[in-house]
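# Fold and geometry: a report
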Amino acid sequence: MEPAEILSHTGGGAISLAWLMIVLPLAGAAILLIGGRATNKWGHLLGVLMSVGAFVVAALVFLQLIGLDPAQRRQSVNLYEFIPGVANIGLLIDPLSISFCLLITFVGSLIHIYSIGYMSHDPDRRRFFAYLNLFVAAMLLLVLADNYVALFIGWEGVGLASYLLIGFWQYKPSAAVAAKKAFVVNRVGDFGLLIAMFIIFAQFGTLQYAEVFPAASQASQGVLTAIGLLLLLGACGKSAQLPLQSWLLDAMEGPTPVSALIHAATMVTAGVYLVVRSGAAFFPEGSTAGLVVTIVGVATLLAGAIIGTAKDDIKKGLAGSTMSQIGYMMLAAGIGPAGYAFAIAHLITHGFFKADLFLGAGSVMHAMNDEVDMRRYGGLRKLLPITFVTFFIGYLAIIGFPLLSGYFTKDGIIESVMHHNAILGWLAVLGAGITGFYMTRMVVMTFFGPKRWDEKAHPHESPAVMTWPLIILSIFSVGLGAYLILSNRLLVFLGPAVGQPAELPGFHPFSVPGLTTLALVAVGAGIAIAKYGRSEVPVVQPRGSFLTVFARRDLYGDALNEALFMRPGQWLTRLAVFFDNRGIDGVVNGLAAGVGGSSGRLRKIQTGYVRSYALSIFVGAAVLAGAWFVVGTL
Amino acid sequence: MTAIPWLSILMGVSVLGALGVSFLKNDKLAKQATLGVSLLVLVLAVVMTVGFSPNGDRFQYAETYDWIPAFGVHYAVAVDGVALVLILLSAILVPIVVLASWHDAEQGKRSVRTYFALLLVLEAMMIGVFAATDVFLFYVFFEAMLIPMYFMIGSYGGAQRSYAAVKFLLYSLFGGLLMLVAVIALYNVAGKNSFLFPELIGAVTDPTTQKWLFLGFFIAFAIKAPLWPVHTWLPDAAAQAPAGAAVLLVGVLDKVGTYGMLRFCLELFPDAAKWATPVVIALSVIGIVYGAIVAIGQTDIKRLVAYTSISHFGFITMGVFAMTTTAASGATLYMVNHGFSTGVLFLVAGFLIYRRGSQYIADYGGVQKVAPLLAGAFLIAGLSGLSLPGLSTFVSEFMVLLGTYERYAVPAIIGTTGVILAAIYILWMYQRTMNGPTAESVAEMKDLNGRERWVVAPLIALIVVLGFFPKPLLDVINPAVKESLVNVKVTDPAPVVAVKEGQ
């Protein structure tokens, strides 16, 4: 089934007020930033209120949407003319965008609430909430836009929020550097997205989804592939996929709620959104661009998992895991309509269980004086019971423990990819096994074994304002996957937006890939328990084998970037500056000196004889002009 | 002719204001009077803009009087949409610059009141140069503008002000000389016994003559803009000029170059312009990338901002010579947006430098902690410099690239690398000055005071509002650009796949 036609929204209801979703948090950000210190007292409350308000609007829009006939569920709401002849600002309300809106505003609101507690001692808490609100507004614009230009405003808007929040503790040089790196690497991706837009506009004369998507098939194959690959470059930047993955691990410099919201649950999945949104037009089943998406996805899912195995920093371990899980989503998105629903389903459940894991890690850090080294944790399950239980549920969900959320969504991806390409499918199974290892390692090192922290730490459970969000997230981590996948609920719901495979997939719990996955996860978990649970974990990181160091250093991604881009770039910059000072300017000054007669003369000119010099130029000009005048009239 | 000679009134108020200010004995009074006059000019300019009908005649508020009848020289002024928005830009920037420069002239070689009188003289000339519809009158303003700017740099600038001022003047005079020759030759070749712009359109038909005359105008404008490789005067002039003068120099005066290309080079010599296009596009692309790379390597804040402008001027000239409606409208909008964006960047940099007494990036660090408002303003200014969507510069840069791609795909793609480089030069500068541990030398730095907030706030508000609602400006610019392109006899490339119904 092809996606439904995008209709212009005519009747009122909540859909007409969908813009409030964006405006509420945007207003929150503006009030908190302009209001400054005067809003310190209640700033965090306003921030929460605006985020919850956006969720309420999203829920109302959702209710109105499911009341409509499926063929009527893609409506575009034009707001105003932005660049005449090029783009409007308008919203596309359809099952895909509203799914994202619900995820962003619901998880976003929980993380806002959690941050009240987490940031309670920070003197800049108000500014933190302003940036969080700004992020929510930009992210909603990104997913709600009904054209590529409006999407791009949200796209770079979330990049800005990410920059501001990674660098929130900007007095730490490492945070400032990480923030800049994230922005610059994302700009490399945005370069691709921009060129894709130029090609689309030159081809179709418009950037509106409603006009571009139906016409896409009329463009040549080469053009479609080029657009697809350039969109993918943008997606790789935002979603930290190879080769633009390097910024995400450094981004963990930001406060932990930021890592949970932006760098796990929502923003980093924007690349998947872009691929799925443009899928029918630019990544159709069997296309070259789609094939490249799957390769990028599978490479990143393995790379992220391998990085995750070697990290001792709990947040960086989770960041590697995020890369890996988004790799799964990309992989599914690349295979076409058979994979879209599973990509989005995994995206949604991952949003919950990864937020749960990150906030759990934040709760542990909160208890441990911001210590992030898991070698200095150990035995925390008794001191942090709620954090432990919720983290453990998130852990079971992500490794795909039967009947929890991740089980259904990851299995769906593996099954659908297996039908499409068996090699990719088995690589995805292998990734699941590695996930079992690194996540078990994390849980064991943090919550089990003897305590390894020093005397200064006094671990304590976090306050209710932080544990309640954890509890809610973990409840969703248990049940959401089954709800979305069984009876193809999400797949049928998304059908009008992204299309549907001709044959609806069933759920096959006892297939060969499914059972193999479970077995490999068990093996991975077993190795982790044997290695970290049965023997003592050294507090100081051991040197490790070549492979361990390879994983610790993020597979030498940074070293590669430095060798290929940074150092040649620095060298080029120095050369250009030298050339500009000595080369071009040298020639100019030399010429001036020559005209003046000697460099001594030039110095004289520079110290006050300029008027006479100017006069001589005018005289010269007049003579020349006069000559021309005479010649011309003869 | 309209009943009210708006353009002459605008210039007249500025000139009379300058005269009045120069006679005031009291410096403080002189500053206040200058601010008052420039605000009056702004109000008048806004009223004039509101009265402009975008879809009416191309040239409005026209006034034509004979000046030197023997040679067909007129005092002829009028505005189309392009000239109008540039005059509005000037009228908005001058009062802001006056307020920002409150203490900048105190260490100058000449008196404080002279500085402020010069500002008003410059304002009159900036309005005149954009309003002139007689080519000779345009030339007169084009050259005369140099004089107040020369004194503002040379008498009130930094340590190397003499060198910078002379370099600025020599470069400009060299270009002006070529243009003077071309202006006079144009008069002769056209044989209309008139310098009036509308009468000269299509008057030069011989291809070789067109090329020579085009070059005469173009080189002058390329130096003014400045286009690579004749840009080296700008970093010196901008770094040595007082911050306010730098704003007007880079924000407005340089736009005369790109405006001149669009108005005169394209419309008077369309065939020659098409002949030169490959070279101009190539130089523009080089300028975009080169300016950005050299900006990354700067150690001086003001020079860095100057080099970013060289990169941005590459975008503008590329948009002008791509000769599509989207690109040329985008380039025109870029002229306005760049004025605001670089304006606020120079001014905030000026506040920073005034406090610390150094232009070197290495002398700063961790300012955000002690002066959060100053840092915030610097960041927003910087973000507009890297064309962040939601801020006005994005709209124009996007339009330029989008419109250029329609005709010249490869240059547009190379030019788009500028967005990556821009992120590096802005954010790295911000990181080194504002982030990290607070340097001892800036530990006592004070945050923005009331006056400075009034300088920054209107510019930031404009940048944000125009970032989301560029339509009011584009509605004025688009018809004028379309008429220009009609005179150049080019049409926009059609999309490969026709999708819109009814096409």
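The structure presented is a predicted model; accordingly, all values stated were derived computationally and were not measured.

To continue, consider the overall build of chain A. From N to C terminus, chain A includes 25 helices and three strands. Computed over C-alpha atoms, the radius of gyration of chain A comes to 28 Å, within 12% of the 26 Å expected from 2.2 N^0.38 for 634 residues, which places it in the range of a compact globule. In terms of principal-axis extent, the alpha carbons of chain A reach across some 100 × 65 × 55 Å. Looking at chain A as a whole, 62% of its 634 residues qualify as buried. Put simply, of all contacts in chain A between residues at least 6 apart along the chain, 80% involve residues at least 24 apart. In the structure as shown, chain A presents an accessible area of about 22,800 Å², 68% of it carried by carbon and sulfur atoms. Averaging the positions of the 39 positive and the 32 negative side-chain charges in chain A gives two centres separated by 11 Å.

Residues and elements named next belong to chain B. Entries for chain B in the domain assignment read domain 1 (1–223) and domain 2 (269–491). The C-alpha-based centres of domain 1 and domain 2 are spaced at 23 Å. Every contact between the two is made by 28 residues of domain 1 and, on the other side, 33 residues of domain 2. Both faces combined, the contact of domain 1 with domain 2 buries some 2,700 Å², and carbon together with sulfur accounts for 80% of it. A per-residue breakdown of the area domain 1 buries against domain 2 is headed by Arg58, Gln210 and Phe214, which together make up 21% of the total. Counting across the domain 1 and domain 2 interface gives zero salt bridges. Where domain 1 meets domain 2, there are five residue pairs in polar contact (both at pLDDT 80 or more). For the side of domain 1 that touches domain 2, the secondary structure elements donating two or more residues are helix H3 (81–100) and helix H9 (207–224).

Moving on, we get to the pattern of salt bridges. All names here are of chain A. A full pass over the atoms with the stated rule returns 20 salt bridges over all chains. Between Lys172 and Glu253 there is a salt bridge, and its shortest N-O distance comes to 3.4 Å. Remark: Glu253 occurs in the loop between helix H9 (246–250) and helix H10 (256–265) and Lys172 occurs in the loop between helix H5 (148–166) and helix H6 (173–204); sequence separation between them is 81 residues. On the basis of relative accessible area, Glu253 is assigned to the partly exposed category, the value being 22%.

The feature "domain: NADH:quinone oxidoreductase/Mrp antiporter transmembrane" (unreviewed entry), as annotated in UniProt, sits at residues 132–413 of chain B in this numbering. Here residues 132–413 of chain B is 80% helix and 0% strand, with 36 Å between the C-alpha atoms at its ends.

Residues and elements named next belong to chain B. The terminal C-alpha atoms of helix H11 (residues 243–268), which comprises 26 residues, lie 36 Å apart, in line with the 38 Å expected from a rise of 1.5 Å per residue. Taking the largest bend as the criterion, H11 deviates by roughly 35°, centred on Gly260. Counting buried positions along H11 yields 26 of 26 residues, so the element is predominantly enclosed.

Before going further, it helps to examine the confidence of the model for chain A. Predicted coordinates in areas of low pLDDT are best not read in detail. Per-residue confidence for chain A averages 88 on the pLDDT scale, and 93% of its residues sit at or above 70. Counted against residues more than four places away or in other chains, residues 597–609 of chain A, with its pLDDT under 50, gives 13 contacts.

The next subject is the sheet that holds strand S3 (residues 87–93) of chain A. All names here are of chain A. Taken in spatial order, the three strands line up as S1-S2-S3 in an open sheet, and their pairing is mixed. Of all the strands in the sheet, just strand S1 (7–8) and S3 have a single pairing partner and so form its edges. Here strand S2 (residues 75–83) pairs with S3 via seven bridges, running antiparallel. Bridged to Glu81 within S3 is Asn88.

Take the interface of chain A and chain B next. Between chain A and chain B, the contact holds 66 residues from the first and 79 residues from the second. Together chain A and chain B conceal approximately 6,400 Å² of surface at their shared face, both sides included; 75% is due to carbon and sulfur atoms. Linking chain A with chain B are one salt bridge, by the criterion used here. The partner of Glu81(A) in a salt bridge is Lys471(B), with the nearest N and O atoms 2.8 Å apart. Across the contact surface, chain A and chain B share 14 residue pairs in polar contact (both at pLDDT 80 or more). Among the elements of the structure, S2, H5, H6, helix H7 (209–215), helix H23 (557–596), helix H24 (599–606) and helix H25 (610–633) of chain A are those that each provide at least two residues to the side of chain A that touches chain B. It is H6(A) that contributes the most residues to the side of chain A that touches chain B, 18 residues altogether. The class makeup of the residues in the side of chain A that touches chain B is 47 nonpolar, 11 polar and eight charged.

Glancing now at the UniProt feature "domain: NADH:ubiquinone oxidoreductase chain 4 N-terminal" (unreviewed entry) in chain B. The UniProt record annotates "domain: NADH:ubiquinone oxidoreductase chain 4 N-terminal" (unreviewed entry) at residues 71–127 of chain B. As annotated, residues 71–127 of chain B has a helix share of 63% and a strand share of 12%, and its two end C-alpha atoms lie 24 Å apart.

Glancing now at the packing of aromatic side chains. Residue and element names in this part refer to chain B. For the structure shown, the criterion picks out 56 aromatic pairs over all chains. Geometrically, the ring pair formed by Trp67 and Phe136 is edge-to-face, given 6.5 Å between the ring centres and 65° between the ring planes. One end of the pair, Trp67, is in strand S1 (residues 60–68); the other, Phe136, is in helix H5 (residues 135–144), and 69 residues separate them in sequence. Given the relative accessible area of 43%, Trp67 is considered partly exposed. Put simply, the rings of Phe59, Phe138, Phe142, Phe197, Phe217, Phe221, Phe264 and Phe269 pair up and form one aromatic cluster. One Lys or Arg, Lys224, reaches over the ring of Phe142 and ends 4.8 Å from the middle of that ring. For Arg432, the ring lying beneath its charged end belongs to Trp428, and the centroid distance is 3.6 Å.

Another aspect to go through is a nonpolar patch on the surface. Residue and element names in this part refer to chain A. On the surface, Val52, Val56, Leu60, Leu63 and Ile66 cluster together to form a nonpolar patch covering roughly 400 Å² of accessible area. For Leu60, the position within the fold is in helix H2 (residues 43–66). A residue is classified by how much of its surface remains accessible, and Leu60, at 45% relative accessible area, is partly exposed.

Turning our attention to the nonpolar core. Judged by nonpolar contacts, the single largest core of 440 residues is most densely connected at Phe282(A), Phe217(B), Phe321(B) and Phe398(B). Ranked by residues supplied to this core, first place goes to H6(A) with 18 residues.

Moving on, we come to helix H13 (residues 288–310) of chain A. Under the 1.5 Å per step criterion, the end-to-end length of H13(A) is 34 Å for 23 residues, consistent within 8% with the ideal 33 Å. Across the 23 residues of H13(A), 17 count as buried, placing the element largely inside the fold.

Residue and element names in this part refer to chain B. Strand direction decides the pairing type here: S1 and strand S2 (residues 73–79), joined by six bridges, are antiparallel. What sits directly across from Thr64, in S2, is Ala76. The antiparallel pairing of S1 with S2 creates a hairpin that spans four residues between the two strands, and Gly72 there sits at a positive phi of about 70°.

Definitions and cut-offs
Residues numbered from 1 in each chain as written. Chains lettered and ligands numbered in written order. Predicted model: local features only at pLDDT ≥ 70, side-chain atom pairs only at ≥ 80, totals over all residues. Heavy atoms only, no water. Helix = DSSP H or I, 4+ residues; strand = E, 2+ residues; numbered from the N terminus. Rg over C-alpha atoms; globule rule 2.2 N^0.38 Å. Buried < 20%, exposed > 50% of the residue type's maximum accessible area, 1.4 Å probe, protein only. Contact = heavy atoms within 4.5 Å. Areas by Shrake-Rupley, 256 points an atom, 1.4 Å probe, with all protein chains shown as cover. Lys, Arg positive; Asp, Glu negative; His and termini not counted. Charge placed at Lys NZ, Arg CZ, Asp CG, Glu CD. Domains from an automatic or database assignment. Buried area = accessible area lost by both parts, 1.4 Å probe. Salt bridge = Lys/Arg side-chain N within 4 Å of Asp/Glu carboxyl O. Polar contact = N/O pair within 3.5 Å; in protein donor to acceptor, adjacent residues only side chain to side chain. UniProt positions renumbered as here; feature names shortened; annotations may be inferred. Expected span 1.5 Å × (residues − 1). Bend = angle between axes of the 7 residues up to and from the residue. pLDDT = per-residue confidence, 0-100. Pairing = 2+ DSSP bridges. Nonpolar A, V, L, I, M, F, W, Y, C, P; charged D, E, K, R; others polar. Phe/Tyr/Trp six-rings, centres within 6.5 Å; stacked < 30°, edge-to-face > 60°. Lys NZ or Arg CZ within 6 Å of the ring centre and 35° of its normal. Patch = residues over 30% accessible without salt bridge, like charges linked within 9 Å, V, L, I, M, F, W, Y side chains within 5 Å. Core = buried A, V, L, I, M, F, W, Y, C linked by side-chain atoms within 4.5 Å.

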